[in-house]
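Fold and geometry: a report
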Amino acid sequence: MENILKDKICGWKNLSEDEKNNIFSFNEKYINFLNNSKTEREANKVIISELEANGFVDINNLDYINAGDKVYYNNRGKSVFAAVIGSESLENGVNMIGAHIDSPRLDLKPNPFYEDAKLALLKTHYYGGIKKYQWTTIPLSMHGIIVKANGEKISISIGEDENDPIFTITDLLPHLAVEQSNKPLRKAIEGESLNILIGSIPSESDKDAIKENILNLLNEKYGITEIDFCSSEIELVPAFKARSLGFDKSMIASYGQDDRVCAYASLQALINAKQSAYTQIGIFVDKEEIGSVGNTGVCSYTFDFFMNKLFEKSGINSMGALNKFYCNSRMISADVGAGMDPNYLEVSEPNNASYIGYGIEINKYTGSLGKSGASDANAEFVGYIRNVFETNNVKYQLSELGKVDIGGGGTIAYILANRGMDVIDCGVPVISMHSPYEVTSKYDVYAAYCAYKAFYESNQKVNY
Ligand code: MN
Ligand code: MN
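Calculation notes
- Residues numbered from 1 in each chain as written.
- Chains lettered and ligands numbered in written order.
- Predicted model: local features only at pLDDT ≥ 70, side-chain atom pairs only at ≥ 80, totals over all residues.
- Heavy atoms only, no water.
- Donors = N, O, S within 2.8 Å, 3.2 Å for Na, K, Ca; no water.
- Helix = DSSP H or I, 4+ residues; strand = E, 2+ residues; numbered from the N terminus.
- Buried < 20%, exposed > 50% of the residue type's maximum accessible area, 1.4 Å probe, protein only.
- Phe/Tyr/Trp six-rings, centres within 6.5 Å; stacked < 30°, edge-to-face > 60°.
- Expected span 1.5 Å × (residues − 1).
- Contact = heavy atoms within 4.5 Å.
- Pairing = 2+ DSSP bridges.
- Axes fitted to C-alpha atoms, helices over the stretch in contact; angles between N-to-C directions.

On to the coordination of the manganese ion (ligand 2). Looking at the manganese ion (ligand 2), the protein donor atoms are Asp-258 (OD), Glu-289 (OE), Glu-289 (OE) and His-434 (NE2), and they sit 2.1 to 2.6 Å from it. Binding-site remark: the manganese ion (ligand 2) is held by donors from one chain whose sequence spacing is D-x30-E-x144-H. The metal-metal distance between the manganese ion (ligand 2) and the manganese ion (ligand 1) is 3.3 Å, with Asp-258 coordinating both. A residue pair is termed long-range when its members are at least 10 positions apart, and Asp-258 in helix 6 (residues 257-272) and Glu-289 in the loop between strand 13 (279-285) and helix 7 (302-313) qualify at 31 residues. Residue classification places Asp-258 among the buried residues on the basis of a relative accessible area of 3%.

Shown next as structure tokens:
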């Protein structure tokens with residue numbers, strides 16, 4: 001008999017041993033990915049090496065492409081576009097999934113070094129939406145690149161190895177925090193006090209002695225001087241490792257799951273999906289956390305540049321090919337949503353909230369204050385997605401980001417929807433999003449992989 005009432009059953013219920021094993025082993029690899037991809041540059045590198053290991057080749061090395069070819073484009077070491085070419089012309093549309101590989105963090109300022117109260121420190125400027133108090137008194141690691149004036153590029157990663165030192169931001173002892181404790185949360189820690197403690201031994205000279213000593217150490221190890229930091233991108237991220245969470249090990253706690261969880265699940269889906277008639281495209285983009293701006297963010301025409309390469313190499317030279325491609329394509333914006341937090345029930349409306357462990361979440365729209373800024377997926381496309389998930393036994397839940405008028409947010413969905421694609425947000429619910437230690441359910445991580453794979457394999461068009 002047809003189910004009249006929509007049911008909401010935990011994903012972990014009624015699973016076979018095999019299914020459970022699949023979930024846990026998939027997540028072991030995901031944990032590994034998180035530990036090796038703490039920045040967008042590191043994620044870019046890991047994604048490209050996985051693509052290459054699975055037969056994808058750099059598009060620049062091919063003169064022609066044919067159905068079945070697997071290609072990728074490395075955009076400046078910070079974002080990746082990949083495609084499995086289908087038998088249908090690109091102009092007839094593609095199945096595309098987009099996730100972002102940048103996460104909130106602290107960036108070094110261009111002139112970071114200074115000395116105060118007999119200690120050496122680094123100035124930072126935070127990146128993305130953070131609650132500043134969460135970033136004090138935790139171990140931080142330092143990742144990034146320094147480019148010398150002669151073009152030489154030095155990569156650094158300090159604080160991940162057990163034998164490395166770590167860094168930290170100090171905070172006031174409670175004994176002297178009477179005034180600080182009375183401030184509103186967002187004022188208690190100022191952006192300009194997110195300074196990284198990096199050393200305390202002075203050099204033998206007397207001017208800026210501790211700072212000089214640190215710069216001497218860096219010069220010996222990396223051959224760099226203070227001026228080289230003006231052409232660097234150094235990010236401070238939590239030095240915690242991704243770990244299984246809970247007695248039942250059903251969850252994952254890690255930095256950077258927004259949005260590397262969807263990046264990982266969609267990468268595995270692209271690699272493992274059966275061929276569709278439609279070309280399958282995966283994009284892994286930078287700068288989502290600050291508005292998808294710049295030439296590595298998805299607002300950039302760099303993606304069009306990649307598409308034009310695909311057209312050219314597959315022999316498409318008609319006027320308006322790019323436009324047709326956009327207007328005929330279907331896309332999942334693979335980004336995380338807010339999981340219901342038992343400590344903060346008041347911000348969510350229980351009928352339209354996501355619960356971790358209950359499957360991939362579909363957000364028909366995001367935005368704030370009356371859906372402002374939202375890409376509101378058409379009901380026809382929501383029906384399409386439901387059909388894909390239901391026929392492949394993928395557990396899904398429909399939700400909003402919090403109660404009406406309580407806040408809001410957005411993803412890359414609107415950017416590609418503006419160009420004509422059917423786009424819908426589907427991702428993994430996260431608790432403590434944007435914090436140094438975000439929480440997901442292993443069930444949902446695997447459900448996202450199954451959902452993305454099913455979407456890639458679809459040969460259907462949206463029925464308008
Ligand atoms: Mn995100
Ligand atoms: Mn985010």
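So, on to the packing of aromatic side chains. Under the counting rule described, the total for this entry stands at 25 aromatic pairs. Aromatic pair Tyr-73 and Phe-306: ring centres 6.3 Å apart, planes at 35 degrees, arrangement tilted. Here the residue Tyr-73 occupies a position in strand 2 (residues 70-75), and Phe-306 occupies one in helix 7, the gap between them amounting to 233 residues. The exposure class assigned to Phe-306 is buried, which follows from its relative accessible area of 0%. Consider the rings of Phe-311 and Phe-325, whose centres lie 6.2 Å apart with planes at 75 degrees: the pair is edge-to-face.

Moving on, we get to helix 5 (residues 209-222). End to end, helix 5 covers 20 Å across 14 residues, agreeing with the expected 20 Å (1.5 Å per residue, within 8%). Buried within helix 5 are the following residues: Ala-209, Ile-210, Lys-211, Asn-213, Ile-214, Leu-215, Leu-218 and Tyr-222. Against the buried residues of helix 5 lie strand 5 (105-116), strand 6 (119-127), strand 8 (153-158) and strand 9 (196-199). Phi turns positive one or two residues past the end of helix 5, at Gly-223, with a value near 70 degrees.

The next point concerns the sheet that holds strand 12 (residues 251-254). Taken in spatial order, the three strands line up as 11-12-22 in an open sheet, and their pairing is antiparallel. Where the open sheet ends on each side, the last strands, each with one partner, are strand 11 (243-245) and strand 22 (438-441). Sheet twist, expressed as the average angle between the axes of neighbouring strands with direction ignored, equals 35 degrees. Sheet topology note: the strand 11/strand 12 ladder contains three bridges and is antiparallel. Residue pairing for strand 12: Arg-243 is matched across the bridge by Ala-253. Its contacts with the sheet put helix 1 (residues 17-36) on strand 11 and strand 12, and the angle it makes with strand 12 is roughly 5 degrees.

So far we have only geometry, and geometry alone does not tell us how the molecule works.
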